[in-house]
Structure formats: structure tokens, C-alpha cells
Amino acid sequence: MALAVDAQPDEQDAAQEQERLRRAEKLVRMLKAEEEDALGYAETEVAAQQIEALRRYFGELYGDEEDGRSPVVTREVFETIEWTRPDLMRVFSSGKNVVELIESSPEDSRYADDVAKYLQWIFWEDNPGFENLDDFAFDGLLQRRGYIACYWEDKEYRAPQTLTGLNDEQVMQLSQDPSLEIVSWDENTESEVGGLNLTVRKLKSPARAVIETFAPEDVRLNGRALHIDKNRYVGIVRRWMRGDVARRFPDMAEEIREHSGGAGNTVTARSEDVRQERFQDDDFDWKATGDEASEELEVFEEYLRVDLDGDGYPEMIRSYRLGDLLLEESEVDENPLASWTPIRIPHRFQGMSQEENVRDLQRQSTVITRAGLDALYQSVVNREAYDATKVDVESLLATYSGAKVAVQGSPGDAIMPLTGGLDTATNAWNALEIIKQRLEDRTGATRQTRGLDSDQLTSEHSGAALRQLNVNADARKEMMARNMASGLGDFFSKLYRLVCRNQNEARQVKVGGKWCQFDPRTWNSDLRVRIQAGGMNREQSLVGLQMIGAEQDKILEALGPMNPNVTPANRYNYQEELCRQAGFQSCTQFFTEVPPDWQPPPQEDPAMAKVKADTEAKQAEMQMQGQAKQAEMQLKGQETAANLQMQQQKDQATIDAQREKAALDLQLAREKAQAEIELANSKAQAEFELARAKMDMEIALAREKMQLESEIERERIASQERVAAKQESQISKNRPGGSLSE
């Protein structure tokens, strides 16, 4: 008996698993059938237009070009879309809060303004709003339909970390930190410090709404669709890397890693032509990276209305599918997509694009331009008819300057120039002007409205005429803008419901330079959002605003600032719109919004005001007299104090002068004594030097005298010796005793 009881839960689990597998198999079978139908419809109705639209936008060749003929392709599709695109962007991104909540009760007005501000902030600040809006507009203009969607992304945390030895106060501080989440805690028994151990993880990014746009070829709709929210089947092709898919669906991670990817790729192969045309300049294959984790997989996000629970009513089932492998399925309220088309066709989902509107004109313009250029080339490059029997063909074909042509006989009879081409080219250019006019009539993108100053008069258009042209041209663009506003209204309504369903706490963000807190839990999620699409012509809007401002001035002057017709809020709205039309994102740098509880000073009864004024005048007069007397007394006191201060300053100056004079005299005496001492020293030194010089001179003279006397003595002695020698030589040889020579 115990075994039977124990086996009962296993049998129930097995039955539930079998039921789940049966449900998944049925759902996959239905999803694949719906996708086959959607792909067939797309191939027959949409894919060819999408490929052709991309080719015409990029200016690719038509394939009928001939050698020797002009292959030029005109770019009317590109020019039309690129001139319409900025006008649409200016309408929705010029700074004004274009989002408006459609209220259903007086209670809704309490948070209507908060809803508008918060949705605007989510779209423009928390997501790449300009890029998303530009993609949305571009896809619709070129490929009939633009698609945008919103999803809820849960909080993302960093890797957990463990904090040890914390006291109660530290734990309390951590628990109050909104950027931290406590995963687990226990007592610290391994350390002598004690305390608590906490495992926490830090918030990486908060829970938020994510906005995405999708290429038209990646969206699947069942045939003969009327509205994206009423379709039985809506599918989106997601291209994620295998590792990212495994991270998103951890319960199916093993099956995802083992999946070959063949089934999913085969199903979408029939619609890859559009994607290949879009990425014609990129030959890189993301599906063959060599790394299994980074291999690109095509995951189908699908929304199907089907009765899976057998209650007789179809539910909206959202599923994620990788080929035949069902990754996840759940019941949801609606699909996240919104769409728009530039030119609506009643009772049909697919409208018309600007490319379809001008495709035939681009083809005609291309043919005529090619013919005109060919004719122009023929008129510039001379052609001749020649007699082959009289002309040297090789010399005739020489094209360099001064080339000579050999001719037999008369040149006029041998060579005849062929004329033509100019008339054909002129006709071609005239025909192009007609096509341009037709293009302007169809699209509203006229040459006169492409940045031309409407006050610059020409021979054809005056300033008033150009302003009228602007108005007429903007009418067609405004129609497109309103179609786009309708699609954005559906999108913002879904975004509003998404936030109301999923945001379970208040969020503080900075809007318009102020920190605001938004809590969608108190909002009515059943309401819808409307998008206000303004006019295209900024100059015309500014003129209208000036007229409104002048009328408000008249009413304020006549009825005062708190009249019921023009309130401070009305005036601030006028100032805000004026700044937006002037090109500013916000008017807060010029004007400050008047608080709702502001009241002007109360106005008094004229008689009481007169009495009060007289009393105040008398009081002011008495106060002025008292102030005058007080000022006179203060003046006298200040004069006395000033005189005393001046005398003190004079006495002090005399004392300072005497002190300075005494110090100066003392200094002069010191300097004089010092100078006399220095002079005496200098005189003694000079006398000493003079005496020493005299002594040196006398010594030198004495030495020279002695030397001279010595020289004289030596000269005298020498002279005496010479005289004696001479006398001796002159003694007579005949002397007594005989001759000395004998």
C-alpha cells in the first residue's frame, strides 16, 4: 500500500510531462504552419517590393545597360525619402512633450502629466530614442511598414560577493542600500571577531523598458492582415549568438548547445534575399565564425492566438522557438509590436511606401537621362562618314591634336561630318523637368521648400508665393506624419501598459532638469496614449503663436493676471511652445513655470487704498524728517570726529617729522665723521705712499750715482793705463848703453 502511495506522485508527474510535451508538439506544429503561410504571403506580396525598394534606394543598375551607352541611374527614391525623413523627425523630436494620456475619469488627471513625462523619458533618455524613431520612419518610407516594439528587462546584478564580520548596524545600512541585494546570511563562527556573514550582489542595471526596432523582412504576419493587434499570428526573427540564447533560456541550455541550427536556417532561407540585399556590401558570414558560442542562431519570437487549454476561447501565446525546438511559451496579453505606413490603403494592413510612389518616375528619369547623356556625348564627340576607297582609315581614327588625314582627291568628297544629338539632348532635359514636377506633385518634396529663403524674391516666385508652396507641400507630409503618429500612439499605449504591469517600485529620474519620482502602481493601466503631431512649417507655426500671444496680452491687460480665460498655466504653455518652435528643447532657461497654488497680491478698495496711501505718506514724511535730523546730528558728530582725527593726525605727523629729522641729523653726523675718518686715513696712506716713493727714488738715485761714479773711476783707471802704455811704447831705442835693437 505504501508503494502505491509513493508511486502516485511519480505517475502524476509523468502525466503532466506527457501533457506538456503534447502541448509543445501541437504548438510547434501550429507555429510552423503559420510561419509557412506568413512566409508565402511575404514572398508573394512583400519580399519583392522590399528587395526592389532597397535596390532603387541604393541606386543599383537595372540590368538593361548596353555597352557604349550611359549606365547612369537617377536617385529620385533616395532624394524623396531623405527630404521627407527630416521633416517627420522634426515633428516628433523637436522637444515638446507629444505624449498625452487619454483620461477616462477625473482621478486620471492626477497622474496624466507624470505619465507623459515618464514615457517621454523612457523613450528618449533611457533608450536610443532618436535612432529608434529614425529607423521606424525610414522603414515605413522605404518598405511600406516600419516596426517598433517594447519589452520589459528585469534587474541585472553583478557576481555575488561575501562580506564577513559585520555588526548589526552595518547589516542595517547594507539592507537599506537600494543598489544591493542580500542573497544569504549566516553567523560568523570561524573567526574570533564574530558578527554576521552576508552574501550580497550589486545592481548592474535596474528593471526597465527596452525599445527595439525590427527590419521589415524580420517580421512575419499571416496573409490578408488588417491590423497588427488583430492578426492571428505575428512572428519576429531574432538573431542571437548561441551563448546568449543559452543564457536567456538556461533550462534548455543543453539542447541549445546541441542544436545544429539547420532547421531554423532552412525555414527562413526563402526570405534571406531581402537581408542579402540590405547587406550587399558585407560578405562576412556570422554563421561561420569557427566559435560555437558566438555562432549566430535565428530564434523565432512568435505570438499566436490559439486555444490550447480547450476552453473554447483563443489565448495569446508567446513562444520562443529554435527550429523545431520550443524554448519557452507563456500566455501574454498582447504582442509588443506597433507599426505605421506612409500611405494608408483602407481595409488593408500593407499600405504604400514613398518608394512605390516614385519608382516609375525614377525609371522614366533614368531612361531619359541616359538618352540625353548619349545625345550630348554624340554632339561633343564628332562622327564622320567617309569613302573607304579614298581615305586612310588609320589616320582618320587618330584623335591627337593636329593629326593629318590622308585623302585621295577632294576631302569634301571623301569625308562628310555627321551632325545630331543636340536637339535630342534638349528634348531630354525638358522631359526631365516635367518628371520633376510630377515627382513634386506626388511627394510634396518641392525644390522651393528645400532650404530656400521664402523672403528671397525670384523672377518666378515671390515670398508670399513660396509660403503658399510650403503650405501645399506640407499637406501631404502632414498626412504621413499623422499616420506615423497613429502608429506611435499604439506603441506608447503598449509601453504604458508594459510599465504598469511590470514596474513594482517607484523610480527616480531627472526630467527637464528636475528630479521626479514615478510610481506606475497607482496608475490605471487600461488607458490609452495619444500622440500629438504638429504642423510641418515652423515659420507658419511661429506666426500663429505670435497671434495667440498678442491675443493673450489683450486679455491679460483687460482682465488681469488671474482671469479665467488666460491663466498662468496657459501663458507658460504658450512660452513653452514658442521656445520649441524656435528650436530649443526646453524653455526652462528662459521661463519658470508658475506654481499651481500661486496667487497675485490681493487688490484693496480704492478709498481704503487712498487712506492707507495718505497715512503711509505722512508716516513716510515724519520718518524722513526724523531721518533728516538724525542725519544732521550724525553729520555734526562725524564732522567733530573728523576734525579731532585730523588734529591728531597733524600732531602725529609733526612728531613723526621731528623724529625723522633727528634721526636724519644723527645719520648725517655719523656719515660726516665716518667720511672724515676715511679722509684722514686716505691722506695718511697717501703721505706714506709718497714718502715711500721718495725714499725709493732717492735710493735709486744714490745707487745710480754710485754706479756712475764707479763707471767713471773704472774709465779713469783705464785711461791712465792706456796713457802709461803709450808712453812706454814711445821710449827712445838709442839710450845709453846702446840701441835696444842691436
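Caption draft 1: Here's a closer look at the pairing of strand β13 (residues 337–340). Burial along β13 is two-sided: Leu-337 and Ser-339 facing one way and Ala-338 and Trp-340 facing the other are all buried. In terms of strand pairing, strand β2 (residues 146–153) meets β13 through four bridges, oriented antiparallel. Bridge assignment links Tyr-147 to a residue of β13, and that residue is Ser-339.

Caption draft 2: Structural context of the sheet that holds strand β8 (residues 219–221). Read from one edge to the other, the open sheet built from five strands follows the order β8-β9-β10-β11-β12, with strand pairing classed as antiparallel. Edge strands, defined here as strands with exactly one partner in the open sheet, are β8 and β12 (325–331). This sheet shows a mean twist of 20° between the axes of neighbouring strands, independent of strand direction. The pairing of strand β11 (residues 315–322) with β12 spans six bridges and is classified as antiparallel. By the bridge assignment, Arg-318 is partnered in β12 with Ser-330.

Caption draft 3: Layout of helix α4 (residues 129–143). Here α4 spans 21 Å end to end across 15 residues, near enough to the 21 Å set by a 1.5 Å rise per residue. Within α4, twelve of the 15 residues are buried, which leaves it mostly tucked inside the rest of the structure. Of the residues making up α4, those classed as buried are Gly-129, Asn-132, Leu-133, Asp-134, Phe-136, Ala-137, Phe-138, Asp-139, Gly-140, Leu-141, Leu-142 and Gln-143. With its phi angle positive at about 75°, Arg-144 sits one or two positions after the end of α4.

Caption draft 4: Representation of the environment of Asn-97. Within the secondary structure, Asn-97 sits in the loop between α2 (76–93) and β1 (99–102). In the structure, Asn-97 is positioned 434 residues away from Ile-531 in sequence and 9.1 Å away in space, judged by C-alpha atoms.

Caption draft 5: Quick look at the nonpolar core. Membership of the largest hydrophobic core comes to 59 residues, with the highest contact counts inside it found for Phe-92, Met-484, Phe-491, Phe-492, Leu-495 and Tyr-496. Ranked by residue count, the leading element in this core is helix α14 (residues 463–502), at twelve residues. Not counting residues up to four positions away in its chain, the partners in contact with Phe-491 are Phe-123, Ile-148, Ala-149, Cys-150, Ile-211 and Ala-338. Formed by 15 residues, the second largest nonpolar core is a distinct cluster that contains Ala-149, Leu-221, Ile-228 and Val-234.

Caption draft 6: Here's a closer look at the packing of aromatic side chains. Tallied over the entire structure, the rule returns 15 aromatic pairs. An angle of 75° between the planes, with centres 5.4 Å apart, marks the rings of Phe-491 and Phe-492 as edge-to-face. Every member of this aromatic cluster is reached through a ring pair, and the members are Tyr-111, Tyr-118, Trp-121, Tyr-496, Phe-518 and Trp-523. Above the ring of Phe-78, the side-chain terminus of Arg-75 is found at 4.8 Å from the ring centroid.

How each quantity is defined
Residues numbered from 1 in each chain as written. Predicted model: local features only at pLDDT ≥ 70, side-chain atom pairs only at ≥ 80, totals over all residues. Heavy atoms only, no water. Buried < 20%, exposed > 50% of the residue type's maximum accessible area, 1.4 Å probe, protein only. Helix = DSSP H or I, 4+ residues; strand = E, 2+ residues; numbered from the N terminus. Pairing = 2+ DSSP bridges. Axes fitted to C-alpha atoms, helices over the stretch in contact; angles between N-to-C directions. Expected span 1.5 Å × (residues − 1). Core = buried A, V, L, I, M, F, W, Y, C linked by side-chain atoms within 4.5 Å. Contact = heavy atoms within 4.5 Å. Phe/Tyr/Trp six-rings, centres within 6.5 Å; stacked < 30°, edge-to-face > 60°. Lys NZ or Arg CZ within 6 Å of the ring centre and 35° of its normal.

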